[in-house]
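Coordinate inspection notes
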Amino acid sequence: MVQAASSVAVQASPASNQTGYRSFRLGSFGFSRDEYFVHIAWQANGQKLSHTISADAFLRAMMRDVAWGFFYGWVNFDPVIGTRNLYGKVEFYAGKYHPSYKGKGLDLCETFDSREIMATFKAILDDWTNEGFDPFAAPDETGKGWLGKKNGNNRAAIERERQACKRMPGLPGDAELRSDSNGYPVNRAFADVAQDEPEIKAEPGFEGQLHAFNLFKYLSRSDVTWNPSVSSVLERSLCCPTTEEYILPIKHGNDRVEWFVQLSDEIEWEIENKNTGAPRAKVIMKPGDVAAMPADIRHQGYSKKRSMLLVWENATPELPQLYESGKLKPYPVEF
Ligand code: PHB
Ligand code: FE
């Protein structure tokens, strides 16, 4: 047993002599990794089962689950394993949303207190992320450190805290988050993004209360991919812009409708049935396109060049229940 930072007990075995990585237990699930792969083990229907994922894909997915506090609804690491957020509790499952496993009774789902699963996930991420590998970075921008035997760690990357502003960036007292000097260089993919700022003319008496900044300039400096930041909050309405390159590391199963506004470049979305993973639609979003992602799907995005996307979330706590009970249709508009 090792003690995680949050003081919830984490079940971990000593580091393996061959690879240097520890193995972990979460309920009756086992987690181990070797030079290339992560293996998840469980038992169902009297059988021992094991599922294998490439270690880089696993670390990228787990990084999102940890950073987003299990997000809205389902975070599928791949078609077999994932988590479902019950807000206070979290399910970890293998095969539950995969028709072949489910059909043969070879699936397993266990429910954990959010703090317990978070402490275990953080301990796994910490032990299995080697020096030089940043699970938030685009593959072209991080090393091959995820490969091979255990070699150091990258706590600076995996413990990256969201920067919170006290006021709108640019207004007096916004702390260190000024949009024009946030210290990050313009990303190589956004070298052509204009860096000018809007001109602000406040009515007399409103100086210091009105501000505007260039969101494209701001996003052009993002050093992470597939990690929406909450850039404005109006009651339950959250505007979460993000920069995307390569593959969204999870297949997100919505528990509510969410809107996408493609701000630049192009993302290809694969949309599947939430419960079975059966293909449902392919959506290619170009600049200016707007899509409502229904509440009964899972989706994964592909962005061949770094692009800018606005994810618009409705954080109303009752929504999952309203969709699940059928009181709300899974889509927002009837054509
Ligand atoms: C989503 O699952 O809706 C999602 C998550 C992260 C992103 C974009 C979309 O960066
Ligand atoms: Fe989503």
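Predicted, not measured: the structure shown is a model, and the values here were computed from it.

Conventions used here
- Residues numbered from 1 in each chain as written.
- Chains lettered and ligands numbered in written order.
- Predicted model: local features only at pLDDT ≥ 70, side-chain atom pairs only at ≥ 80, totals over all residues.
- Heavy atoms only, no water.
- Donors = N, O, S within 2.8 Å, 3.2 Å for Na, K, Ca; no water.
- Helix = DSSP H or I, 4+ residues; strand = E, 2+ residues; numbered from the N terminus.
- Buried < 20%, exposed > 50% of the residue type's maximum accessible area, 1.4 Å probe, protein only.
- Polar contact = N/O pair within 3.5 Å; in protein donor to acceptor, adjacent residues only side chain to side chain.
- Contact = heavy atoms within 4.5 Å.
- Phe/Tyr/Trp six-rings, centres within 6.5 Å; stacked < 30°, edge-to-face > 60°.
- Salt bridge = Lys/Arg side-chain N within 4 Å of Asp/Glu carboxyl O.

Of the protein atoms, only His-252 (ND1), Glu-258 (OE) and His-299 (NE2) coordinate the iron ion (ligand 2), at distances of 1.9 to 2.1 Å. Within one chain, the residues donating to the iron ion (ligand 2) are spaced in sequence as H-x5-E-x40-H. Here His-299 lies in strand β18 (residues 297-314) and Glu-258 lies in strand β14 (residues 258-264), a separation of 41 residues in the sequence. You can call Glu-258 buried: its relative accessible area is 2%.

With that settled, consider the side chain of Asn-214. Relative to the elements of secondary structure, Asn-214 occurs in the loop between α4 (155-158) and α5 (215-220). Exposure remark for Asn-214: the relative accessible area of 13% places this residue in the buried category. Within polar-contact distance, the side chain of Asn-214 engages the backbone oxygen of Ala-194 at 3.3 Å. At a separation of 3.0 Å, a polar atom in the side chain of Asn-214 contacts the main-chain amide nitrogen of Lys-217. Setting aside its immediate chain neighbours within four residues, Asn-214 contacts Ala-194, Gln-195, Asp-196, Glu-197 and Pro-198.

If you walk through the whole model with that rule in mind, you get 19 aromatic pairs. Pairing Trp-74 with Tyr-97 gives two aromatic rings, centres 6.2 Å apart and planes at 85°, and the pair type is edge-to-face. Taken together, the positions of Trp-74 in strand β7 (residues 74-76) and Tyr-97 in the loop between β9 (89-94) and α2 (99-103) put the pair 23 residues apart, joining distant regions of the chain. Summarising the aromatic geometry, the rings of Trp-226 and Trp-269 are spaced 6.2 Å apart at their centres and angled 90° between planes, so their arrangement reads as edge-to-face. Here Trp-226 is found in the loop between α5 and β11 (232-234), whereas its partner Trp-269 is found in strand β15 (residues 267-273), with 43 residues between them in sequence. In this structure, Trp-226 and Trp-269 share a single accessibility class: buried. Ring pairs connect the aromatic residues Phe-24, Phe-29, Phe-31, Phe-58, Phe-70, Phe-77, Phe-92, Phe-121 and Trp-128, which therefore count as one cluster.

According to the stated counting rule, one finds 25 salt bridges in the structure shown. A salt bridge links Arg-60 to Asp-56; the shortest N-O distance between them is 3.1 Å. Of the two residues, Arg-60 and Asp-56 are both situated in helix α1 (residues 55-67); the distance of four residues between them amounts to about one turn of the helix. For the pair Arg-60 and Asp-56, one class covers both residues: buried. Residue Arg-155 pairs with Asp-126 through a salt bridge whose shortest N-O separation is 2.5 Å. Here Arg-155, found in helix α4, pairs with Asp-126, found in helix α3 (residues 114-128); they are 29 residues apart in sequence, far enough to count as distant. A relative accessible area of 38% means that Arg-155 is categorised as partly exposed. Residue class for Asp-126 comes out buried when judged on its relative accessible area of 18%. One salt-bridge network, in which partners are shared between bridges, spans Asp-140, Glu-141, Arg-188, Glu-245 and Arg-306.

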